[in-house]
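Examination of the molecular architecture
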Amino acid sequence: MKKLLCTVVMAGVCAGLAAPARAQSRPLVTEDPETVPTGYILLEAGVDFLNGAMYPATGLTGNLTKFGTFGLSFGVSSIVELQVDGGLYNRLAITSIDPTAPLHFRYTGGPDETSSFEDLSIGAKVRFVSETESRPAIALRFVTRLPLVGTDTGLGTGTTDFNVGVAVAKTVRSTRVATNLGLGIMGDPVQGDLQNYLLTYGLSFARAIRTGAEFVAEFNGRVDLGSDVPPVGTDTRSHVRVGGRFTRGPVRIDAGLLLGITERDPNWGVTFGATWVFKAFNVK
């Protein structure tokens, strides 16, 4: 076994705002269908450490530290949220190199470490069913990852990936449950004209412990839907996350632990970060 970290709900952050809502926030990756309030921006920032991170295309394995991971979510209407995610600096302390990897010949870094920024992901979420006492909230989300990091760093694939999926969530007393199901399309980093299809999924829980404090957990991953031998780097992945979130006014502090499940996932990881929701603009 390998990974672990987090789950869903942003009631705490938005509880201190004039326009209440629940939206996805750290340390979770399972998406909540609720959107950021109109005219507000949700800003996330953090630091992650992953033990045993693998890059099969370039043959690198090591301990990855991500400094300045960030997410920006813009509430552009009562049901629509625009999202931008990325990272300022990734550093891989290399523990092993596979020279037979298909794209290792493109790697120009050193034998001990390599670094780069993170690929940028741009997406949107549209909530088309609001939550009531008898029904859950439902939203459609789509996101594109732009190939800003090249294979010369060892940390990029140079492919454009796309994901579209449905997010469903319901609050039952002091617990919020969210689930995701979608289709991912990942490019083949070796043969750029090919791609692979994956089923993406997530299931998360957020339990209020006391005012301003939550315990969160999730199971999240993807399943290869293609051939028996998927293109390198597009295989099945899965992880578990657990953590906590502490909210005071518009600011939330979080921490989490991650355990990988498949052989391609990091062995374990930790994350620390903060989320801030603030009024930024008016929408007429």
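What counts and what doesn't
All residue numbers here refer to positions counted from 1 along the written sequence of the relevant chain. Reporting of local features is limited, given that this is a predicted model, to residues whose pLDDT is at least 70; pairs of side-chain atoms are given and counted only at 80 or more, and all residues count toward the totals for whole chains, interfaces and linings. Computation of side-chain values covers all heavy atoms of the structure but excludes hydrogens and water. Numbering of helices and strands starts at the N terminus; helices are DSSP runs of H or I of at least 4 residues and strands are runs of E of at least 2. Put simply, the radius of gyration uses C-alpha atoms, and a globule should come to 2.2 Å times the residue count raised to 0.38. Burial classes: relative accessible area under 20% of the type maximum marks a residue as buried, over 50% as exposed, and values in between as partly exposed (1.4 Å probe, protein chains only). Note on contacts: a residue pair is in contact if any heavy atoms of the two residues lie within 4.5 Å. Shrake-Rupley sampling with a 1.4 Å probe provides the accessible areas, and residues are treated as covered by the protein chains on show and by no other component. By the counting scheme adopted, Arg and Lys are positive, Glu and Asp are negative, and His together with the chain ends is not counted. By convention, the charge on Lys lies at NZ, on Arg at CZ, on Asp at CG and on Glu at CD. In this scheme Phe, Tyr and Trp rings, the latter by its six-membered ring, pair at centre separations within 6.5 Å, and the angle between planes marks the pair as stacked below 30 degrees, edge-to-face above 60, and tilted otherwise. The nonpolar core is taken to be a set of buried Ala, Val, Leu, Ile, Met, Phe, Trp, Tyr and Cys residues, with the residues joined through side-chain atoms within 4.5 Å. The salt bridge definition used is simple: a Lys or Arg side-chain nitrogen within 4 Å of an Asp or Glu carboxyl oxygen. Values of pLDDT, which run from 0 to 100, indicate the predictor's confidence residue by residue. Here, a strand pair is defined by DSSP locating no fewer than two bridges between the strands.

**Points about the overall build of the protein chain**
Helix and strand content of the protein chain: one helix and 13 strands. The secondary structure elements of the protein chain, listed N-terminal to C-terminal, are α-β-β-β-β-β-β-β-β-β-β-β-β-β. Over its C-alpha atoms the protein chain spans a radius of gyration of 19 Å, differing by no more than 12% from the 19 Å that the globule rule assigns to 284 residues. In terms of principal-axis extent, the alpha carbons of the protein chain reach across some 55 × 35 × 30 Å. Looking at the protein chain as a whole, 49% of its 284 residues qualify as buried. The long-range fraction of contacts in the protein chain, counting pairs at least 24 apart against all pairs at least 6 apart in sequence, stands at 60%. As presented, the protein chain carries roughly 12,900 Å² of accessible surface, and 63% of it is formed by carbon and sulfur atoms. In the protein chain, the 26 positive side-chain charges and the 26 negative ones have mean positions that sit 10 Å from each other.

**Quick notes on the packing of aromatic side chains**
Inspection of the entire model under this criterion finds four aromatic pairs. Aromatic side chains Phe 49 and Trp 268 sit 5.6 Å apart centroid to centroid with 50 degrees between the ring planes, which places their arrangement in the tilted category. Of this pair, Phe 49 sits in strand β1 (residues 40-55) while Trp 268 sits in strand β13 (residues 268-279), placing them 219 residues apart in sequence. Overall, Trp 268 belongs to the partly exposed group, its relative accessible area being 37%. Ring geometry for Tyr 201 against Phe 219: centres 5.4 Å apart, planes inclined by 45 degrees, an arrangement best described as tilted.

**Structural notes on the nonpolar core**
Counting 10 residues, the largest nonpolar core is built from Leu 50, Ala 53, Tyr 55, Leu 60, Leu 64, Leu 92, Ile 94, Tyr 107, Leu 155 and Leu 258. Within the residue set of this core, elements represented by two or more residues are β1, β2 (60-75) and β3 (80-97). Per-element accounting of this core gives the leading share, three residues, to β1.

**As for the environment of Glu 263**
Relative to the elements of secondary structure, Glu 263 occurs in the loop between β12 (251-260) and β13. Taking relative accessible area as the criterion, Glu 263 reaches 63% and is therefore assigned exposed. Residues Glu 263 and Arg 252, spaced 11 residues apart in sequence, show a C-alpha to C-alpha distance of 33 Å.

**Topic: the pattern of salt bridges**
It is possible for side chains bearing opposite charge to pair when their charged atoms get close. Within this structure, the stated rule accounts for 19 salt bridges. Across the pair Arg 91 and Glu 113 runs a salt bridge, and its minimum N-O distance is 2.8 Å. Taken together, the positions of Arg 91 in strand β3 and Glu 113 in strand β4 (residues 113-116) put the pair 22 residues apart, joining distant regions of the chain. On the basis of relative accessible area, Arg 91 is assigned to the partly exposed category, the value being 28%.

**Description of unusual backbone geometry**
Although it is not a glycine, Arg 173 adopts a positive phi angle of roughly 55 degrees. Mapping Arg 173 onto the fold places it in the loop between β7 (161-172) and β8 (175-187). For Arg 173, a relative accessible area of 84% translates into the label exposed.

**Description of the confidence of the model for the protein chain**
Overall, the prediction assigns the protein chain a mean pLDDT of 91, with 91% of residues at 70 or greater. Predicted confidence is poor over residues 1-23, with pLDDT under 50, and the contacts of this stretch with residues over four places away or in other chains come to 123 contacts.

**Describing the pairing of strand β6 (residues 137-146)**
As defined by bridge partners, strand β5 (residues 120-129) adjoins β6 across nine bridges and the pair is classed as antiparallel. Across the sheet, the residue bridging to Lys 125 is Arg 141, located in β6.

**Digging into the environment of Arg 207**
Assignment of secondary structure puts Arg 207 in strand β9 (residues 195-210). Here Arg 207 falls in the partly exposed class, since its relative accessible area comes to 44%. Note: C-alpha distance between Arg 207 and Pro 147 (60 residues apart in sequence) is 36 Å. If near-sequence neighbours (up to four positions away) are discounted, Arg 207 is found in contact with Ser 174, Thr 175, Ala 213, Glu 214 and Phe 215.

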